[in-house]
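Listed below, chain by chain, are the residues.
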Amino acid sequence: MLIDKKDTNSFVEIKPKILYYGTPILLLNTLNEDGTTNISPISSSWALGDCIVLGIGLGGKAIENLERHKECVLNLPSPNLWENVEKISSLTGKENIPPLKKAIGFTYKKEKYEAAELTPLNSKSVLPTRIKECPIQIEAVVKNIRIPNYSSFAIVETQVLHFHAEESIVQNENYIDPSKWSPLIYNFRHYFELGRELGKTFRSET
Ligand SMILES: Cc1cc2nc3c(=O)[nH]c(=O)nc-3n(C[C@H](O)[C@H](O)[C@H](O)COP(=O)(O)O)c2cc1C
């Protein structure tokens, strides 16, 4: 096959300072020592079957909480909640802030619900609370935590226990209507929503 030299010349190799290529934001709720709930914005996740895998930095409160108490709630905010997410983006629930986090400008705040102006709801079978304003709230249990020896983050494997969805985005009982739901996307550290629908795959059931 002939390679078009002009085409290859239109690419440049870069060393990206930021590698967040557009994934949904989750508000990860974990249990503090005193039974209150901590909220951590994260964007590193993938889902397959009933398993959701999270990438969580070692310097924060979320991983500390998950190592002690293996339950969480994954709350999915819609785009209209981006400013609520941003209100807690420079806060950590960790009282002893690691120097690197401190240098970036993080401050300690335990009352994340108050800071984010969000409302707690009791969960069905886990102790961390759910966030009322998030249209999707997923109760999950931690099955495994792996810390690769090359990294400063943990790979946390969770299994879904209960999936709560706001009635208005549900169709045919057990499906999410993709035309009614948009995740909040973290696109190279900017907040985005989905654009118009382009089509669907042959396996779509809606
Ligand atoms: C939109 C957004 C996405 C983020 N994604 C991640 C992520 O995927 N993993 C992670 O460890 N931190 C992520 N962070 C940073 C954490 O929110 C930050 O470390 C915070 O301290 C976590 O709170 P905690 O220390 O109370 O757990 C993200 C922050 C924002 C605002």
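The structure displayed is predicted, hence computed values, not measured ones.

Novice: Explain the sheet that holds strand S5 (residues 51-57) here, please?
Specialist: Two pairing modes exist for strands in a sheet, parallel and antiparallel, and in both the strands are linked by backbone hydrogen bonds. Read from one edge to the other, the open sheet built from seven strands follows the order S3-S2-S6-S11-S12-S5-S4, with strand pairing classed as antiparallel. Only two strands of the sheet have a single neighbouring strand rather than two, namely strand S3 (37-42) and strand S4 (45-48). Here the average twist between neighbouring strands, direction ignored, is 30°. Set on the sheet, helix H2 (residues 61-68) makes contact with strand S2 (26-31), S3, S5, strand S6 (71-76), strand S11 (136-146) and strand S12 (153-165); between it and S2 the angle comes to about 45°.

Novice: What's the story with the site of the ligand in this structure? I'm lost.
Specialist: Around the ligand, a shell composed of 22 residues is seen, among which Pro 41, Gly 57, Thr 92, Lys 101 and Lys 112 lie nearest. Between the ligand and Lys 101, the relevant distance is 2.6 Å, taken from an oxygen atom to a side-chain nitrogen or oxygen of the residue. Contact distances for the ligand include 2.7 Å between an oxygen atom and a side-chain N or O atom of Lys 112. Expressed as a share of its isolated accessible area of 630 Å², the protein-covered part of the ligand is 88%. Put simply, the parts of the chain that give the shell around the ligand at least two residues each are S3, S5, H2 and strand S7 (91-92).

Novice: It is not clear to me how a nonpolar patch on the surface should be interpreted in this structure. Could you clarify?
Specialist: There is a patch of nonpolar side chains on the surface, built from Leu 19, Tyr 21 and Phe 188 and spanning about 370 Å² of accessible area. Relative to the helices and strands, Leu 19 is located in the loop between helix H1 (5-8) and strand S1 (21-24).

Novice: It is not clear to me how the nonpolar core should be interpreted in this structure. Could you clarify?
Specialist: Soluble, globular proteins show a tendency: their nonpolar side chains are buried together. The biggest cluster of nonpolar side chains holds 20 residues, and the ones touching the most others in it are Leu 28, Leu 54, Ile 56, Leu 66, Leu 74 and Val 156. Secondary-structure elements contributing two or more residues to this core are S2, S5, H2, S6, S11 and S12. Sort the elements by how many residues they give to this core and S11 lands first, with four residues. Apart from residues no more than four positions distant in its own chain, Leu 74 is found in contact with Leu 26, Leu 27, Leu 28, Ile 52, Leu 54, Ile 136, Gln 137, Ile 138 and Thr 158. Judged by nonpolar contacts, the second largest core, of 15 residues, contains Leu 27, Tyr 113, Ile 131 and Tyr 186.

Novice: Sorry, what's going on with the pairing of S2 here?
Specialist: On a regular strand, one side chain projects to one face of the sheet and the next to the other, so that they alternate. The buried fraction of S2 is high, at six of six residues. Here S2 shows no split at all, with Leu 26, Leu 28 and Thr 30 on one side and Leu 27, Asn 29 and Leu 31 on the other all buried. Note that S2 and S3 share six bridges and pair antiparallel. Across the sheet, residue Thr 30 finds its bridge partner in S3, namely Asn 38. Hairpin connection from S2 to S3: five residues lie between these consecutive antiparallel strands, with Gly 35 at a positive phi of about 90°.

Rules used throughout
Residues numbered from 1 in each chain as written. Predicted model: local features only at pLDDT ≥ 70, side-chain atom pairs only at ≥ 80, totals over all residues. Heavy atoms only, no water. Pairing = 2+ DSSP bridges. Helix = DSSP H or I, 4+ residues; strand = E, 2+ residues; numbered from the N terminus. Axes fitted to C-alpha atoms, helices over the stretch in contact; angles between N-to-C directions. Contact = heavy atoms within 4.5 Å. Near = heavy atom within 4 Å. Polar contact = N/O pair within 3.5 Å; in protein donor to acceptor, adjacent residues only side chain to side chain. Areas by Shrake-Rupley, 256 points an atom, 1.4 Å probe, with all protein chains shown as cover. Patch = residues over 30% accessible without salt bridge, like charges linked within 9 Å, V, L, I, M, F, W, Y side chains within 5 Å. Salt bridge = Lys/Arg side-chain N within 4 Å of Asp/Glu carboxyl O. Core = buried A, V, L, I, M, F, W, Y, C linked by side-chain atoms within 4.5 Å. Buried < 20%, exposed > 50% of the residue type's maximum accessible area, 1.4 Å probe, protein only.

Any functional reading would require information that these geometric values do not contain.
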